[in-house]
Amino acid sequence: MNLPAQNVFIRNPHLYIRKQNNSAELTNYEMANLRGRAGRLLKDYIGRAFVLDESEFIDTEGYEQLELFEDVTKELPTGYAQKFEEYKEPIGDVLDKNIAVDPTMQKYGYIISYIRQSVLKYGSESKRRMQDVGIKLTQKQVAAIIHKLEEISVPKEICYKNRYWDPIVLDTIYKTYNGSIPNTPMERNARSRLDDVLRYLRDTYETASMYNKYIPKQYKDGNKRSIMISLGLKWAKGDALNDILSGSWYEGDEGEEHIDDTIELLQNTISYGLPLLLKPIYDMKNPDSCFLTCMQLGAFDQLTRCMIEMGIPRETALFLFKKIFAGNDLKDIKNGLEIEKIVRNRIKESYYGLPYWIRVQVDFLI
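Residues numbered from 1 in each chain as written. Predicted model: local features only at pLDDT ≥ 70, side-chain atom pairs only at ≥ 80, totals over all residues. Heavy atoms only, no water.

Contact geometry of helix 4 (residues 109–122) with helix 6 (residues 139–149) gives a least axis separation of 10 Å together with a crossing angle of 80°. With respect to their mutual orientation, helix 4 and helix 6 come out roughly perpendicular. When helix 4 is examined against helix 6, the residues Ile115, Arg116, Val119 and Leu120 are found in contact with a partner set consisting of Val142, Ile145, Ile146 and Leu149. (Axes fitted to C-alpha atoms, helices over the stretch in contact; angles between N-to-C directions. Helix = DSSP H or I, 4+ residues; strand = E, 2+ residues; numbered from the N terminus. Parallel < 35°, antiparallel > 145°, perpendicular 65-115°, else oblique. Contact = heavy atoms within 4.5 Å.)

Estimates place the volume of the largest pocket at around 720 Å³. Tyr110, Ser113, Arg163, Tyr164 and Trp165 are the residues nearest the centre of the largest pocket, which is lined by 27 residues in total. When residues of the lining of the largest pocket are traced back to their parent elements, those giving at least two are helix 4 and helix 10 (208–214). Looking at side-chain class alone, the lining of the largest pocket contains 13 nonpolar, seven polar and seven charged residues. (1 Å grid on protein atoms, 1.4 Å probe; cavity = no way out; pocket = protein on both sides within 12 Å on 5 of 7 lines; lining within 4 Å. Points joined across faces, edges and corners; volume = space filled by probe spheres on them. Nonpolar A, V, L, I, M, F, W, Y, C, P; charged D, E, K, R; others polar.)

All right, on to the pairing of strand 1 (residues 7–10) then. Only one face of strand 1 is covered, namely the face carrying Val8 and Ile10; the face carrying Asn7 and Phe9 is uncovered. Strand direction decides the pairing type here: strand 1 and strand 2 (residues 48–51), joined by four bridges, are parallel. Across the sheet, residue Asn7 finds its bridge partner in strand 2, namely Arg48. (Buried < 20%, exposed > 50% of the residue type's maximum accessible area, 1.4 Å probe, protein only. Pairing = 2+ DSSP bridges.)

Backbone geometry places Asn98, a non-glycine residue, at a positive phi of 55°. Residue placement: Asn98 occurs in the loop between helix 3 (88–97) and helix 4.

In the structure shown here, the tally under the stated rule is eight aromatic pairs. Relative to Tyr200, the ring of Tyr177 has its centre 4.8 Å away and its plane inclined at 55°; by these criteria the two rings are tilted. With Tyr177 in the loop between helix 8 (167–176) and helix 9 (190–203) and Tyr200 in helix 9, this residue pair connects regions lying 23 residues apart in the sequence. Here Tyr177 matches Tyr200 in class, with each residue buried. Taken together, a centroid distance of 5.0 Å and an interplanar angle of 85° make the contact between Tyr351 and Tyr352 edge-to-face. (Phe/Tyr/Trp six-rings, centres within 6.5 Å; stacked < 30°, edge-to-face > 60°.)

Within the largest apolar cluster, 68 residues are counted, with the highest numbers of intra-cluster contacts made by Ile115, Leu198 and Leu278. Here this core takes eleven residues from helix 13 (residues 255–285), the largest share from any one element. Membership of the second largest hydrophobic core comes to 20 residues, among which are Met310, Ala317, Leu320 and Ile339. (Core = buried A, V, L, I, M, F, W, Y, C linked by side-chain atoms within 4.5 Å.)

Turning to the confidence of the model for the protein chain, a few remarks are in order. Of all residues in the protein chain, 86% have pLDDT values of 70 or greater, and the mean over the chain is 88. Across the protein chain, the secondary-structure element scoring lowest on mean pLDDT is helix 1 (residues 28–35), at 73, and the one scoring highest is helix 8, at 98. (pLDDT = per-residue confidence, 0-100.)

So, about the environment of Phe364. With respect to the helices and strands, Phe364 occurs in the segment after helix 18 (356–362). When the C-alpha positions of Phe364 and Ile312 are compared, they lie 9.3 Å apart, and in sequence the two are 52 residues distant. When near neighbours in sequence (up to four residues on either side) are disregarded, Phe364 contacts Met310, Gly311 and Ile312.

Direction vectors running N to C along helix 16 (residues 314–325) and helix 17 (residues 336–350) enclose 70°, while the axes themselves pass 11 Å from each other. Put simply, helix 16 runs roughly perpendicular to helix 17. Here helix 16 contributes Leu320, Ile324 and Phe325 to the contact with helix 17, which in turn contributes Ile342, Val343, Arg346, Ile347 and Ser350. Residue composition of the contact of helix 16 with helix 17, grouped by class: six nonpolar, one polar and one charged.

Turning next to a negative patch on the surface. Taken together, Asp253, Glu254, Glu257, Asp261 and Glu264 make up a surface patch of like negative charges. Mapped onto the elements of the fold, Asp261 is located in helix 13. According to the relative accessible area criterion, Asp261 is partly exposed, its value standing at 30%. (Patch = residues over 30% accessible without salt bridge, like charges linked within 9 Å, V, L, I, M, F, W, Y side chains within 5 Å. Areas by Shrake-Rupley, 256 points an atom, 1.4 Å probe, with all protein chains shown as cover. Salt bridge = Lys/Arg side-chain N within 4 Å of Asp/Glu carboxyl O. Lys, Arg positive; Asp, Glu negative; His and termini not counted. Charge placed at Lys NZ, Arg CZ, Asp CG, Glu CD.)

Applying the stated rule across the entire model yields 17 salt bridges. The residue Lys175 makes a salt bridge to Asp171 at a minimum N-O spacing of 2.9 Å. Taken as a pair, Lys175 and Asp171 lie in helix 8 at a separation of four residues, close to a single helical turn. Exposure remark for Asp171: the relative accessible area of 7% places this residue in the buried category. Residues Glu349 and Arg346 are paired through a salt bridge, measuring 3.7 Å at the closest nitrogen-oxygen approach. Of this pair, Glu349 and Arg346 are both found in helix 17, three residues apart, which corresponds to roughly one turn of the helix.

Here it is as structure tokens:
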């Protein structure tokens, strides 16, 4: 199947299930073409093909391709029943004492967050809903949770928007975080403000478990944490990947490994983990800020962000902005559909003047 993939594993060139005298095999050209499936153009920076040594399989059972894998059926548990029963006592104790989810509850804290979010949203009706996913609480327990959640100050709407967070943890943030947050990645003090809010989330006991969840171990402290923040702001401002990956750090024998590490950090932490970690504070302090969107998409300019949201790869969108949109002023245009219309029309007008591989990436808009 011709599907997008970062990695392709090739065991052998055979095109048969059962070997016969006239069985076909891939040609050298077809093997090269198959390797070309690894990595999506302008989406994955690196694609890899792994070709296994076929001679290692000759003496193994099933080499003739009669059967590559056993037909194994595995039943996967659904819902929370198994984990809830396993940790029923500590979960009940935490709920009774109204304790916030903390780093010591790594194996079952998410169930407590789910219970409190369900009770907050559905009240007494939550008992039946939770039973459907394997969480069995008494009506008395549910009533006690309802009573305790009435004491929190954080608006319910913020809890609903951050459903993977324990409402008591959100209440702690609401009551204790008094710092500033960057409104855009272009602000002069954006770096120090981002550093302050991340430091708060790391050092506050109630929020530490979520910080640990979304920030990889090697980037939690020290110099690497500083690198993550700087890289995140470059990405959010719209620095091209080619510029981000320039410099001696990405050269030499270890350069390829450093490129891989940076790409992984951009994809998994900066574009995904950091926005999820910071979202509750932005919902509380400045819900209209574009900062998290810039970090998710990797662009600051409104036109560039619109192009990325339309499906144009980030690097192509950055190129198009400089090539055909530079100087456009959209301050008076608030409607996203109007901006999208401007993007489509300008790309159509400039289409045949664009490089071939850029045209390939925007064909779906023409």
